[in-house]
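# Understanding the architecture of this molecule
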Amino acid sequence: MNNALEVSHLSKDYGAFKLEDVSFTIPGGTIMGLIGENGAGKSTTIKCILNLVRRDGGEITVFGRDNRKEERAVKGDIGVVLDEVLFHDVLRPQQVGRVLAGLYPRWDGKLFDHYLEKFGLTGKKTVKEFSRGMKMKLAIAAAFAARPRLLILDEATSGLDPVVRDEILDEFLEFIQDEDHAILISSHITSDLEKAADYITYLHNGRVAVSGAKDELLDTYGKLVCGRSELEQVDRALLAGSRVGQFGCEALVKDRRAFARRYPALTVDPATLEDIMVFTGKGDAQ
Ligand SMILES: Nc1ncnc2c1ncn2[C@@H]1O[C@H](COP(=O)(O)OP(=O)(O)OP(=O)(O)O)[C@@H](O)[C@H]1O
């Protein structure tokens with residue numbers, strides 16, 4: 001089975017910002033969450049995958065095909081949902097479907113109608129009268145109906161309420177039941193990715209800071225909460241970052257089992273993706 005996406009040593013130089021040596025792989029039948037601060041390079045990475053910006057180095061393959069040499073075929077395999085929805089304001093969802101049917105060779109009108117029904121978008125409202133959540137749902141229905149093999153979402157679930165996000169995440173989980181499908185989703189909402197993603201890549205200042213299987217990351221990292229004097233005694237090499245506050249200290253432990261063996265008296269709790277992102281990104285913040 002081919003990997004759905006392989007990004008190897010990707011680089012892009014904007015002058016003031018550089019994407020450097022970004023590599024990650026999404027196996028078929030899985031979801032990769034791309035996380036990172038504002039300006040970390042998530043959208044630039046996605047634009048390179050979509051060939052919307054020219055990369056300066058590296059390789060990108062989608063289901064084994066080079067995204068530049070076989071651009072047409074690769075485009076047909078990818079569905080995209082961006083954070084801005086650009087459908088014609090005056091159209092109703094069904095009319096949007098008729099327009100898109102002419103643009104996408106693999107368009108599945110029945111599937112589109114199924115999602116409109118499921119997402120409650122079958123009324124008489126035009127896109128202009130839609131809330132942000134309704135627009136995102138329409139974009140996601142359209143992305144599914146184009147029958148992509150790789151679905152890419154850039155911040156598409158931000159700004160949606162938890163109920164809608166949950167519904168949409170369930171659709172994603174169903175989509176990847178087919179091993180020939182995969183999803184790359186960039187989001188600031190790490191709790192969504194904690195629920196849905198199989199793999200996580202954390203970009204920091206244009207570089208991969210952490211990448212791996214989500215369960216493994218959550219199982220390995222830990223969060224230490226302790227007093228200042230205790231923190232001062234801990235070997236810094238075991239920590240990915242720490243924070244000294246008014247009422248105590250917190251630190252991200254790189255390997256909580258190894259840490260527990262060395263410091264059995266200190267309690268290390270499981271870390272969240274947000275902890276991993278915040279502490280790794282800040283390093284040794286005071
Ligand atoms: N066309 C461009 N020309 C020059 N610099 C650019 C261009 N597009 C993006 N950048 C810069 O690249 C950096 C990364 O931006 P990018 O949009 O990839 O980040 P991001 O991780 O998606 O951020 P956010 O979470 O805010 O969307 C930023 O410093 C941005 O200013």
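Residues numbered from 1 in each chain as written. Predicted model: local features only at pLDDT ≥ 70, side-chain atom pairs only at ≥ 80, totals over all residues.

### Some details on the overall build of the chain
- The helix and strand inventory of the chain stands at 11 helices and 14 strands.
- By the compact-globule yardstick of 19 Å for 286 residues, the chain fits well, its C-alpha radius of gyration being 21 Å.
- Across the 286 residues that make up the chain, the buried fraction comes to 39%.
- Here the contacts in the chain between residues at least 6 apart in sequence split such that 69% fall between residues at least 24 apart. (Helix = DSSP H or I, 4+ residues; strand = E, 2+ residues; numbered from the N terminus. Rg over C-alpha atoms; globule rule 2.2 N^0.38 Å. Buried ≥ 20, exposed ≤ 12 C-beta atoms within 10 Å, placed from the backbone. Contact = placed C-beta atoms within 7 Å.)

### Focus: unusual backbone geometry
- Located in the positive-phi region is N51, a residue other than glycine, with phi close to 65°.
- When you line up the elements, N51 lands in the loop between α1 (42–49) and β4 (57–62).
- With 15 C-beta atoms counted inside 10 Å, the residue N51 sits in the partly exposed group.
- Although it is not a glycine, N205 sits at a positive phi angle of roughly 50°.
- Relative to the assigned elements, N205 resides in the loop between β9 (199–204) and β10 (207–213).

### Things to note about the site of the ligand
- Taken together, Y14, F17, G36, N38, G39, A40, G41, K42, S43 and T44 form the complete shell of residues around the ligand.
- A per-element tally of the shell around the ligand places α1 first, with three residues. (Near = placed C-beta within 6 Å.)

### Observations concerning the environment of I140
- Along the chain, I140 turns up in helix α5 (residues 132–145).
- Between the alpha carbons of I140 and F172 there is a distance of 9.8 Å; along the sequence they are 32 residues apart.

### Considering the nonpolar core
- Membership of the largest hydrophobic core comes to 77 residues, with the highest contact counts inside it found for L5, A141, A142, A143 and I152.
- With 10 residues, the top contributor of residues to this core is α5. (Core = buried A, V, L, I, M, F, W, Y, C linked by C-beta atoms within 7 Å.)

### Quick word on the packing of helix α4 (residues 109–118) against α5
- Running from N to C, α4 and α5 point in directions that differ by 155°, and their axes come no closer than 8 Å. On the basis of the axis angle, α4 is roughly antiparallel to α5. Pair α4 / α5 crosses with right-handed handedness. Contacts from L111, F112, Y115 and L116 in α4 reach A141, A142, F144 and A145 in α5.
- In the contact of α4 with α5, the residues fall into eight nonpolar, no polar and no charged. (Axes fitted to C-alpha atoms, helices over the stretch in contact; angles between N-to-C directions. Parallel < 35°, antiparallel > 145°, perpendicular 65-115°, else oblique. Left-handed = near helix turned anticlockwise from the far one by under 90°. Nonpolar A, V, L, I, M, F, W, Y, C, P; charged D, E, K, R; others polar.)

### Re the confidence of the model for the chain
- Taken over all residues, the pLDDT of the chain has a mean of 91, while the share at 70 or more is 98%.
- As a predicted assembly, this complex carries a pTM of 0.90 together with an ipTM value of 0.97. (pLDDT = per-residue confidence, 0-100.)

### Notes on the sheet that holds strand β5 (residues 65–66)
- The antiparallel open sheet is built from four strands, whose spatial order is β2-β1-β4-β5. Unpaired on one side and paired on the other, β2 (18–27) and β5 mark the two borders of the sheet.
- One ladder, built from two bridges, connects β4 with β5; its direction is antiparallel. If you follow V62 over to β5, its bridge partner there is R65.
- Along the sheet, α1 contacts β1 (3–13), β2 and β4; its crossing angle with β1, the most-contacted strand, is approximately 115°. (Pairing = 2+ DSSP bridges.)

### What about the environment of A213?
- The residue A213 is located in strand β10 in this model.
- A C-alpha to C-alpha distance of 8.7 Å links A213 and A197, two positions 16 residues apart in sequence.
- Not counting residues up to four positions away in its chain, the partners in contact with A213 are D198 and Y199.

### Considerations on the pairing of strand β6 (residues 78–81)
- Alternating residues of β6 divide into I78 and V80 and G79 and V81, and every residue in both groups is buried.
- In this sheet, strand β7 (residues 150–154) lies alongside β6 in parallel orientation, the contact comprising four bridges. Within β7, the residue paired with G79 across the bridge is L151.

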